[in-house]
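# A closer look at the structure
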Amino acid sequence: MSQAQQPDFTKLSGQMYELWEKSSSAWWDEVLESPAFLKSMGENLANNAEARSAYQAKVNQGLEQLHLPTREDLLRIARIASLLEDRQLKLEDEILGLRDQLARSEKDALLARIQTAETRLELEARLAQMESKIDQLLNRSVSATVEQD
Amino acid sequence: MSGPAPDPLKAFGQSWLPIDGLSQIERVRRGVHIHSTTARPPVGQTPFQVVHQQDKLQLKFYPAQGEERRPPVVLVPSMINRAYILDLEPGRSLVQALSELGHPVYLVDWGIPQAEDAQEDVAYVLLELLQRSIDRACRHAGHPKALLMGYCMGGTLAAMLTALRPQRIAGLCVLNAPFDFEKAGRFRELVAHLDVQRSISSDGLVPVEVMKPAFKLLDPMGNWSKFLAIEEASHDPERLRRVMIRERWLEDNVPLPGAFAQEFIEQAYQNNGLMRGTWQIRGESIDLSSIELPVLVCSSERDFIAPAPSVEAIESLIPHARIERLKTGHIGVVVGGFGPKVFYPLLDQWFRETCPSPEPRP
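Residues numbered from 1 in each chain as written. Chains lettered and ligands numbered in written order. Predicted model: local features only at pLDDT ≥ 70, side-chain atom pairs only at ≥ 80, totals over all residues. Heavy atoms only, no water.

Here we come to the packing of aromatic side chains. Here a ring pair, both rings aromatic, is described through the centre-centre distance and the interplanar angle of the planes. Residue and element names in this part refer to chain B. Within this structure, the stated rule accounts for 14 aromatic pairs over all chains. A ring pair is formed by Phe181 and Tyr269, whose centres lie 4.6 Å apart and whose planes are at 70°; its orientation type is edge-to-face. You can see Phe181 sitting in the loop between β8 (169-175) and α6 (185-191) and its partner Tyr269 sitting in helix α11 (residues 258-270), a full 88 residues away along the chain. Grouping residues by exposure puts Phe181 and Tyr269 together as buried. Pairing Trp350 with Phe351 gives two aromatic rings, centres 5.9 Å apart and planes at 55°, and the pair type is tilted. Assigned by exposure class, Trp350 and Phe351 land together as buried. Feature note: the residues Phe181, Phe187, Phe215, Phe260, Phe264, Tyr269 and Trp279 constitute an aromatic cluster, connected by ring pairs. (Phe/Tyr/Trp six-rings, centres within 6.5 Å; stacked < 30°, edge-to-face > 60°. Helix = DSSP H or I, 4+ residues; strand = E, 2+ residues; numbered from the N terminus. Buried < 20%, exposed > 50% of the residue type's maximum accessible area, 1.4 Å probe, protein only.)

Here it is as structure tokens:
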């Protein structure tokens, strides 16, 4: 009589584990593509959000009755601070923009000053030339007058 | 980093090890124990200076090393995770690598929004927070324009701003940033039919407790196999540290301002507004095809958060964009070994090609 081969439970359990892993993966893929699951997940999320805001409204109501500041009151203050920061940053933007403009006009002004100085030097040189010519002419006319006399 | 606490069930669990199937379950149990009792390593250790702040946003400056005067690089991470993904730890840090390569780096750290920030919509994020950050980075660096690099949702936002206000931008690089949301994989399926107005209040935050399960559903079995990976890594302290630092980031979600989430899900995921050109910000249409600047688009082969087709679709709107498909995953590209070997040098080279010579002061 042949003896029936005993299954190797050690290996069999390993195969069962692998099978479970593969089938779970396939199951998840199927579930996550199922419109019914996605719809119910969306519904769950929406209901959760609604429950959260309903709870918050009740808490606020309770705090209001106790004349205590609600979450909304605190948020309003935080948002005012945030708006003030925004305004400050917008002013900073303007100041930086003006600084850019100033830097550009300072550059233009510097160029103009250099040009003016150069022109002035040129004119002074020409003036000096003219003065020396006038001097020469005067000298000549003086010496001519002396010779005539 | 302090290691895992002593395991009270270790002796019992070891009796399961000889049986294949049970040994896997025991390994997961050990993984859960290690995960819950191991301290998370420190992150964001590269020294920085905060040069601008607005609401919860901080603009962090990492000075360039060397004498070269390069234009500033502004890094824009996603708003749903912490910015330290770009500065995870020494040796696995995009900001550290870029600053060592000679680029002055400015990291936009969105911070953690609080209830008072709930009304911040996409227009506010783009035109008030991001645009001003780029302006301040340029002023701080003394350059008229910056190189902009956005990661994940940060890349989508960076491209939107480039289309709207390109004046301060010299070039745009987007990494794993979705544009065609019809191809955006499982997350799109999850939110496609969501009644956004009912589910998300524009006056509140989308809490982390709501976002976390949504992320877990992107790869449900990954939540199981993660513990196997942790158990495997636990035999090597250095490897365990690397796994736990990544875990820290993955666990560290950030709530989203309700107004922003409402608009982004509706316009991007449900209407595919960027590809259709129907998304308007304060009355201005966002036309990505109007971008004329140099653009580098990087997608990752194994990315199920921003699948490559959803990223590369931008090519149809910006034909001159250079497309690079990287052989890595969504996170591995910035924190894995792939970053220092392939991605950081690629980025450095593209920045230098785009802005070859230092520009004069404005």
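Glancing now at the pairing of strand β1 (residues 49-54) of chain B. Side-chain positions along a regular strand alternate between the two faces of the sheet. Residue and element names in this part refer to chain B. Pairing of β1 with strand β2 (residues 57-62), which is carried by five bridges, proceeds in the antiparallel orientation. Bridging from a neighbouring strand, Gln54 pairs with Leu57 of β2. The turn joining β1 and β2, which pair antiparallel and follow one another in sequence, is formed by two residues; a positive phi near 50° is taken by Asp55. (Pairing = 2+ DSSP bridges.)

Residues and elements named next belong to chain B. Enumeration according to the criterion identifies one cavity of 30 Å³ or more in this entry. Space inside the largest cavity adds up to approximately 80 Å³. Around the largest cavity, the lining residues are Asp55, Lys56, Leu57, Met79, Trp110, Pro113, Asp117, Glu120, Leu129 and Pro257. Partitioned by chemical class, the residues of the lining of the largest cavity number six nonpolar, no polar and four charged. (1 Å grid on protein atoms, 1.4 Å probe; cavity = no way out; pocket = protein on both sides within 12 Å on 5 of 7 lines; lining within 4 Å. Points joined across faces, edges and corners; volume = space filled by probe spheres on them. Nonpolar A, V, L, I, M, F, W, Y, C, P; charged D, E, K, R; others polar.)

All names here are of chain B. The alternating pattern of strand β3 (residues 73-76) places Val73 and Leu75 and Val74 and Val76 on opposite faces, both of which are buried. For β3 and strand β6 (residues 105-109), the ladder comprises three bridges, and the chain directions are parallel. Bridge assignment links Val73 to a residue of β6, and that residue is Val105.

This part takes up the state of the cysteines. All names here are of chain B. What the rule picks out here adds up to zero disulfides over all chains. With no disulfide of its own, Cys152 lies closest to Cys173 among cysteine sulfurs, the gap being 13 Å. Note on Cys152: relative accessible area 10%, which makes it buried. (Disulfide = S-S within 2.5 Å.)

This part covers the domain arrangement of chain B. A common measure of how large an interface is: the accessible area buried when the components associate. Residues and elements named next belong to chain B. Per the domain assignment, the segments making up chain B are domain 1 (10-37 + 212-250) and domain 2 (49-207 + 255-282 + 291-354). When each unit is reduced to the centre of its C-alpha atoms, the spacing between domain 1 and domain 2 is 31 Å. Facing the 13 residues of domain 1 at the interface are 15 residues of domain 2. Summing the contributions of domain 1 and of domain 2, the shared interface buries around 1,500 Å²; its carbon and sulfur component is 69%. The tally of links from domain 1 across to domain 2 stands at one salt bridge. For Arg241, the salt bridge goes to Glu89, with nearest N and O atoms at 2.4 Å. A per-element tally of the side of domain 1 that touches domain 2 places helix α10 (residues 237-251) first, with seven residues. For the side of domain 1 that touches domain 2, the per-class residue count stands at eight nonpolar, no polar and five charged. (Domains from an automatic or database assignment. Contact = heavy atoms within 4.5 Å. Buried area = accessible area lost by both parts, 1.4 Å probe. Salt bridge = Lys/Arg side-chain N within 4 Å of Asp/Glu carboxyl O.)

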